[in-house]
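Structure at a glance
If you want the building blocks of each chain, they are given just below.
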Amino acid sequence: MELKVLFKYTDDPDQYKMDTYISHGGYKAWEKVLKEIKPDEVIEIVKQSGVRGRGGAGFPAGVKWGFVPKDSPKPKYLVCNGDESEPGTCKDRVLMENDPHRVVEGMAISSYAIGAHHAFIYIRGEFVFPAERMRGAIEEAYEKGFLGKDILGTGYDLEMTVHTGGGAYICGEETALLNSLEGKPGMSRIRPPFPAIEGLYASPTVVNNVETLANVPEIINRGADWYAGMGTEKSKGTRIFCLSGHVKKPGNYELELGTPLRHLIYDLGGGILDDKELKAVIPGGSSTPVLTPDQIDVPMDFESVAEIGSMLGSCGVIVMHEDTCMVWAATRLAYFYMHESCGKCTPCRMGTQWMYQILSRIESGEGRPEDMDHLLSACDNIEGQTLCPLGDAAAMPVRSFAKTFREEFEYHIEHKKCMVQNSFPSFGQ
Amino acid sequence: MSEIKLTINGREIVATKGMTILDVALENGIDIPTFCWHPKLKTVGACRICLVEIEKWPKLQVSCATDATDGMVVFTNSDRVVKARQGVIEFILLNHPLDCPTCDKGGECPLQNVVYKYGIDRARTIEPRQRFIVNEDSTFDDLPIGPEIIRNQNRCIHCFRCTRMVEEVFEEDDLGSYNRGHITEILPPPGREIRNLYSGNVVEYCPVGALTNRDFRYKVRVWLTEQKKTICNFCPDGCNLTAWTFRDKIYRTTSRRNDRVDDGFICDIGRYGYQFVHHPDRLTSPMIRRGGELVECTWDEVYDAIICKLKSIKEKLGPEGVASLVGEDCSNEDYYVIGKFLRSVVGSNSIDHRLHRKKKLSYGEDLEKLGIVGTNLTIDDLESPDLFVIVGSDLHSENPISALRLLKAKRNNDARLVLINPVPSRLSRSGTEYIHKCNTEVQLITCLARIIVREKLYNADETGLDDRQIEKFLNDTDDFTIENVSDASGISKDDLTLLARQIAEAKRAVFITGRHVSLHYRRDMVLTALFNLALITNNLRGDPKGILALRIGSNNRGCYLFGMRPDRLPINRRVDEKDSLSSDWLTGVSDRKGADTIDILRQIEESKVELTFAVGTDPVTSYPDYNYICSTLTKLDFLVVADLYLTETAKIADVVLPLSSCMETSGSFCNWEGRVQIFEQVVNPISLSRPAWQIFTDLAARLEVEFGYKSGEDVFNEFAPMISGDTKLNFRTVPESGICVPSATPVNRSAGLQPVSVRAPELDQKHEYVLITGNGDHHIGRNRTTRSESLNRFQSEPYVGLSERTANELALSDGDLVKVENDFGKIVCVVKYIDGLRDDVVWIPDNFPEISANVLKNREIEIDMVSLVKV
Amino acid sequence: MILNDETVKKIKATVPIYPQRRSCILPALTLAYWQEGHLNDDIYREISDILDLKTVDVASAASFYTMFPKAPVGKYYIQVCHNISCALLGADSLIDYLAQKLGVKLGETTEDGLFTVVTVECLGSCTTAPVMQINNDYYENLTREKVDQILEDLRKQG
């Protein structure tokens, strides 16, 4: 069952406009926060709600806000991460396009909570239209006095800026994003120092995903308990699942956390394309280990998915049917990570290159028996040993494909061809 | 600082909180390999080779970026760690070519060493290594990216030390990384080269052979070389160097990191300058003038000729008939022996090294008493101020490595740099530069002091300045109103106010003066004005003090220390204080007043001096009056020149002695701090050359005085107790930090505010442009750097610098020939536009043999003025 | 000068927005790309002059970000997603179809200078695969008919 909190009004074609947003209760939370709630109390409410980061890592948002030092003489910054680039994921785009004021309001509230007077939203460069919508919303918010100097006469100032990227998946990683926002190549930074202590311009900074922040206004309006009442014990609220690949009705579905994957694929997604057999599902964006058909009864919450060896990640659910070559799929993903590695740390820069080299050899029929061991050993030497999570993100899918579908890889090596010849709906049909 | 205890490989270690695991390990002799980490660069934790295992931590951690904490249990060599390191190595070797046999880094390559130690016995990678192809016909893929630097991107392991260093430490902009992932490459920005003054460091710090330099590549295998400790003597910074030799030839010099002095970085002049040693221009034999020509002869012949003349002139004119001019790049040992010879053997006190100034060679007594003439500052002290006010200096070219300390202060404590200069300087990119009309320094500085006083931005209690003093100061300086000074200096009133406030707000400011002030016609007054400003802003408190007056000449401080002035003996004692020094020869020093440079030259004119030694100096091209110095020196009965090359002065000498360079003897130099540092003999003297100390020891012996020195070391051992106060100290026991000889009288704050005045300079009214000289790119002084092939790759041609506007007014473009002339002489040279140069200034780099700016100078005229004519 | 007055004006307008000047690099590169359709060394130098920043910083940043072509491309820069979700729904055949229909290989520009086809990584529109971006606009749920129509419309616009 869909449970629409964030998507409540996204189908309304006028929701992006200030008046419509306000008619739907917009900016009430912002006004309430400014006039009635102290910053610390806002952090406490968000902590109580249990809302966790929607970018992929799932870190509790309120706790993250609490890390910002109160006594720092430096300015503080809020950065909203709209660099949505994880293959299989396209939820933030919908929010930014169709309900940008909700994002603005969420950003404003969290800025207030952490004591920031300048908030940035970093949007991937390809998202020209979503960025336009965000700019429009921010402009309207300034006009209405929801942003700028002395907001609603409370003395609180907040500037908000849209910053667009230039095509780099790595900029979704928070420290790379901050470097990029500073005008540098988007290379990750060593932690510590964590962004909460030394982030943007070496000042305390909170980086939150678009979807995370979009939840904040409703948490304020309806209370932490209401929010915590949705989902499971440790995975509260709803999430937007992006269903793509071989399903009949791909799309973004907002579901209560803990909804079984099967319900999403078969009931909401209408089942497998051409009524073929399901072969594999990537549950949380391309970085997460692949699941097999016997695993799809898993409730989609952080803990349950982790229990079966994968991750909820960014909730990008990619469905593959029986006619999909797993070597091909792994190669395609390995190429992506090689292309997107920033090149700063050795295991990621070289490991992604080597994995792709091995996989593309196997894929093109030049595999050697020892390649499987080398591939898995490369994964070993990447995972846990890179500067930022991109290394893990690159190794996890390769490892899971190679382990879960090992016989397909071995067949490829031995017979120099696919065990399952890709047969996709040729576009145009 | 609190103490922590941790265990590394089962060993309990006490460390200080805030240290990283790597810091602790290295301090305790535990080996952890590193590539990207460097103590002088910000930690990036990128190469991952320094991974260690920490008990109770699930993942391995990079030791360079993980703080050691109390109770931590660390393993640097567990199976897990070794396996992880092998993994990193395997990744690096995926693309790194195994071309060690033809790689210049071989034998000193951190990657080679780490692979040797941790490497796996077989390669699992079969993919062809990635190449960054430069030329399809070659597999070497070497790409020149600067005058000296060659890049081989295939070998790069992406530690980014080079680009980080260029950006962080040098604040330069000529190297960057491009693209991303495994195709990331290192290149200068589009259309440019890496050619900053520190560029050679990127080669030294590259952990593989990705960056090499033309100077050294493919010349000699490093394991065949011998290494000798030496000290750079191109500028007064005194960087520590290692000279690498093979079969009595120097192949390169590299930094020998000394954190007190150079922080492990050297400039390109120090790196490539050594090439002057083996230059074919070196004098190979003594020469004597016969039939009007200089002809080669033996040392015996030349010594006989000198002794014969010496005796006859002494008989005729007394000992004062003999004088000596010395250069500022000789060793302390040279100075000591020359002084000893001239004063105690010949009996003349007429000796001087000051050949750059026209008048007032000595600081006035008033100024000496204020205690701002010498310095008690050390290079280290330049890390703590939060404001530097640089007056009249292109610090970057005059003291390149000291300049880096200012940038370090900027990096570490947000220090600001303010430059007040008559011509633009390179450091302006790292601070704010105000270019003023020439010779308005006194007004400018005093005006700043007045603004601070008038805005009550000074602390009366801390500075001890009472209202009466302040009142008097304001009255005495009432000509220096902001309006008047703004008009005179060309710096806007707003800028003056802003600048004054900045200086007043600084917690601790240091005022640094350089070349332009040391050559200034009113040097003392500029320094007095600075004294006032520093006093008012309370920057003279404590020790060290806040004014640093840097001078030209690499061993200028050694000249002071070893009595190269008529009135001073070693350790700067006055001649009448000679008894306070416990050395035998000093008792024989003449009590008669000696002559300084100005007097020596006058006495030559008057035939009171007929024999002059010129040691390591070329007055014909450097004395600020070409016509006068030529006519004077040719009047001499006997001119003895000892130098490395046949200089312009040597060409008019009666005898020429081939001098050995500092690489060919042992000895010591004194840097600007007063730090005496020793150097070893690196190669044997070139041809028949001899070091100056030996020449004067030989001459003394021929006058039957045995000095008994067999080496520079012997000379050092004689004066070491004198300068250190330690009777046991000798060449072998000098600490790595050298011997610091404080020379300054303590600063006299209680002297109060000093009167200042301005006096219009004597100048030649007929010409409209002020002539200012300085250093060209990658050059310092004359004669030596222009004999380094590498340095000449950066700049080898002289030019005349003009503002674009001035050039355009004369219908001159970049590269056109221009004649610079006045009543005294002329120079014809190509024009180069200089950004930011004032329209009324002509700037000439005075390093190149083709032209020498002193032909345009006259010693009677304080400000050199010239006219420009299009050729 | 390559950058026109309007672009320069817009670049300058970004300066007061950011606490540090260097942050203006990406916005400036984006504006330059929108004007010129690609970036090059001369543009980096112009931007560094306009913003008073080091050329090396501008060039280095530009080279890192792959959205900006570094050499001239067609008036319509067709970027086809070939990542997993699009590939599962026939992105490869879409690419082949485009190449064949336009008579160019990947990365090449049609002779009339109108079209360049390249592949790109995930465009963040996975639920509407297959997807392509032409200049700033997304085209989703592509079919053969849609592509024909799009190309025809663009050709008409010239």
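Residues numbered from 1 in each chain as written. Chains lettered and ligands numbered in written order. Predicted model: local features only at pLDDT ≥ 70, side-chain atom pairs only at ≥ 80, totals over all residues. Heavy atoms only, no water.

What follows covers helix H7 (residues 299-317) of chain B. Within an α-helix, residues lying three or four positions from one another point in the same direction, as the helix has 3.6 residues per turn. Residue and element names in this part refer to chain B. Between its first and last C-alpha, H7 extends 26 Å over 19 residues, near the 27 Å set by a 1.5 Å rise per residue. All buried positions along H7 are accounted for by Trp299, Val302, Tyr303, Ala305, Ile306, Ile307, Leu310 and Ile313. One or two residues past the end of H7 sits glycine 318, with phi positive at roughly 85°. (Helix = DSSP H or I, 4+ residues; strand = E, 2+ residues; numbered from the N terminus. Expected span 1.5 Å × (residues − 1). Buried < 20%, exposed > 50% of the residue type's maximum accessible area, 1.4 Å probe, protein only.)

All names here are of chain B. A complete count under the given rule lists 14 cavities of 30 Å³ or more for this structure. Of the pockets and cavities examined, the second largest cavity occupies roughly 160 Å³. Every residue lining the second largest cavity is counted, 15 residues in all, and those nearest its centre are Arg354, Arg357, Ser518, Arg523 and Asn556. Its residues assigned to classes, the lining of the second largest cavity comprises 6 nonpolar, 4 polar and 5 charged. (1 Å grid on protein atoms, 1.4 Å probe; cavity = no way out; pocket = protein on both sides within 12 Å on 5 of 7 lines; lining within 4 Å. Points joined across faces, edges and corners; volume = space filled by probe spheres on them. Nonpolar A, V, L, I, M, F, W, Y, C, P; charged D, E, K, R; others polar.)

The next point concerns the pairing of strand E31 (residues 769-774) of chain B. All names here are of chain B. Counted residue by residue, E31 has 6 buried out of 6 residues, so it is predominantly covered. Where burial is concerned, the two faces of E31 agree: the one with Tyr769, Leu771 and Thr773 and the one with Val770, Ile772 and Gly774 are both buried. Two strands pair when backbone bridges link them, and E31 and strand E36 (residues 865-870) are joined in this way by 2 bridges, in the antiparallel orientation. Bridged to tyrosine 769 within E36 is valine 866. Relative to strand E35 (residues 841-845), E31 runs parallel, the two sharing 5 bridges. Bridge pairing in E35 links threonine 773 to isoleucine 844. (Pairing = 2+ DSSP bridges.)

Moving on, we get to the side chain of A:Ser287. Residues and elements named next belong to chain A. Tracing the backbone through its elements, the reader meets serine 287 in the loop between strand E7 (278-282) and helix H11 (302-307). Within the structure, serine 287 has its side chain in polar contact with the side chain of tyrosine 337 (distance 2.8 Å). Residue contacts for serine 287: discarding those within four places in its chain leaves Glu86, Tyr169, Tyr337, Ala393, Met396 and Pro397. (Polar contact = N/O pair within 3.5 Å; in protein donor to acceptor, adjacent residues only side chain to side chain. Contact = heavy atoms within 4.5 Å.)

Quick look at the interface of chain A and chain C now. Across the boundary between the two partners, chain A contributes 62 residues, which contact 47 residues of chain C. Summing both sides of the interface, chain A and chain C together bury roughly 4,200 Å²; the carbon and sulfur share of this comes to 61%. Run the count over chain A and chain C and you get 2 salt bridges. C:Asp92 is the salt-bridge partner of A:Arg332, the closest N and O atoms lying 3.0 Å from each other. Here chain A is connected to chain C by 17 residue pairs in polar contact (both at pLDDT 80 or more). Those elements that place two or more of their residues in the side of chain A that touches chain C are strand E2 (118-123), strand E3 (159-164), helix H8 (174-181), strand E5 (238-245), strand E6 (251-256), strand E8 (316-321) and helix H12 (326-340) of chain A. No other element matches the 8 residues that H12(A) contributes to the side of chain A that touches chain C. Partitioning the side of chain A that touches chain C into residue classes produces 31 nonpolar, 23 polar and 8 charged. (Buried area = accessible area lost by both parts, 1.4 Å probe. Salt bridge = Lys/Arg side-chain N within 4 Å of Asp/Glu carboxyl O.)

All names here are of chain B. When you tally the buried positions in strand E12 (residues 240-246), you get 7 out of 7 residues, the bulk of the element. Neither face of E12 is left uncovered, since the one carrying Asn240, Thr242, Trp244 and Phe246 and the one carrying Leu241, Ala243 and Thr245 both have all their residues buried. Direction of pairing for strand E11 (residues 226-231) relative to E12: antiparallel, over a ladder of 6 bridges. Bridged to glutamine 227 within E12 is tryptophan 244. Alignment of E12 against strand E13 (residues 249-255), held across 6 bridges, turns out to be antiparallel. Paired with threonine 245 across the strands is isoleucine 250, a residue of E13. The loop that links E12 with its antiparallel partner E13 comprises 2 residues; one of these, arginine 247, has a positive phi angle of about 50°.

Here the focus is the state of the cysteines. All names here are of chain B. The tally for this structure, following the rule as stated, stands at 0 disulfides over all chains. Of the cysteine sulfurs around cysteine 559, a residue in no disulfide, the closest is that of cysteine 330, at 7.4 Å. Here cysteine 559 falls in the buried class, since its relative accessible area comes to 0%. The thiol of cysteine 829 is unpaired, and the distance to the nearest cysteine sulfur, on cysteine 630, comes to 19 Å. On the basis of relative accessible area, cysteine 829 is assigned to the buried category, the value being 5%. (Disulfide = S-S within 2.5 Å.)

Residues and elements named next belong to chain B. As assigned here, chain B comprises domain 1 (3-77), domain 2 (365-549) and domain 3 (769-870). The C-alpha centroid of domain 3 is placed 28 Å from the C-alpha centroid of domain 2. With 14 residues of domain 2 at the contact, the number on the domain 3 side is 16 residues. For the pair domain 2 and domain 3, the summed buried surface comes to about 1,100 Å²; carbon and sulfur atoms form 62% of the total. Along the contact surface separating domain 2 from domain 3 lie 0 salt bridges. (Domains from an automatic or database assignment.)

Attention now moves to the sheet that holds E11(B). Residues and elements named next belong to chain B. Overall, antiparallel pairing links the 3 strands, which are arranged E11-E12-E13 in an open sheet. At either margin of the open sheet sits one strand with a lone partner, and together these are E11 and E13. Sheet twist, expressed as the average angle between the axes of neighbouring strands with direction ignored, equals 30°. (Axes fitted to C-alpha atoms, helices over the stretch in contact; angles between N-to-C directions.)

At the interface, 32 residues of chain B touch 35 residues of chain A. Carbon and sulfur atoms supply 56% of the area buried between chain B and chain A, which totals about 2,800 Å² over both sides. The three residues of chain B that bury the most area against chain A are B:Phe91, B:Arg124 and B:Arg180, which together make up 27% of that side's buried surface. Our enumeration of links across chain B and chain A arrives at 3 salt bridges. Linking chain B with chain A are 15 residue pairs in polar contact (both at pLDDT 80 or more).

This paragraph deals with the environment of B:Leu753. Residue and element names in this part refer to chain B. In this fold, leucine 753 is placed in the loop between strand E30 (739-740) and E31. With 280 residues separating them along the chain, leucine 753 and phenylalanine 473 place their C-alpha atoms 7.0 Å apart. For leucine 753, the residues in contact, after removing those within four places along its chain, are Leu465, Gln469, Ile470, Phe473, Asn532, Leu535 and Ile536.

Moving on to the nonpolar core. With 276 residues, the main nonpolar core has A:Trp30, A:Val42, A:Trp65, A:Ile121, A:Phe401, B:Ile512 and C:Ile47 as its most contacted residues. The dominant element in this core, judged by the number of residues it contributes, is H12(A), at 9 residues. The contacts of C:Ile47, once residues within four sequence positions are left out, are C:Leu3, C:Ile11, C:Ala28, C:Leu29, C:Ala32 and C:Val58. Counting 63 residues, the second largest nonpolar core, distinct from the first, contains B:Cys297, B:Tyr336, B:Cys559 and B:Phe638. (Core = buried A, V, L, I, M, F, W, Y, C linked by side-chain atoms within 4.5 Å.)

Turning our attention to the pattern of salt bridges. Residue and element names in this part refer to chain B. One pass over the full model with this rule turns up 100 salt bridges over all chains. With a shortest N-O distance of 2.9 Å, arginine 702 and aspartate 304 are connected by a salt bridge. A residue pair is termed long-range when its members are at least 10 positions apart, and arginine 702 in helix H24 (residues 692-702) and aspartate 304 in helix H7 qualify at 398 residues. Aspartate 846 is paired through a salt bridge with arginine 782; the nearest N and O atoms lie 2.7 Å apart. Taken together, the positions of aspartate 846 in the loop between E35 and E36 and arginine 782 in the loop between E31 and helix H26 (789-794) put the pair 64 residues apart, joining distant regions of the chain. With respect to burial, aspartate 846 and arginine 782 carry one shared label: buried.

Take the environment of B:Glu821 next. Residue and element names in this part refer to chain B. Inspection of the secondary structure assignment puts glutamate 821 in strand E33 (residues 817-821). Through-space distance from the C-alpha of glutamate 821 to that of histidine 778 is 27 Å; in sequence the pair is 43 residues apart. Apart from residues lying up to four places away in sequence, glutamate 821 is in contact with His767, Lys826, Leu856, Val866, Ser867 and Val869.

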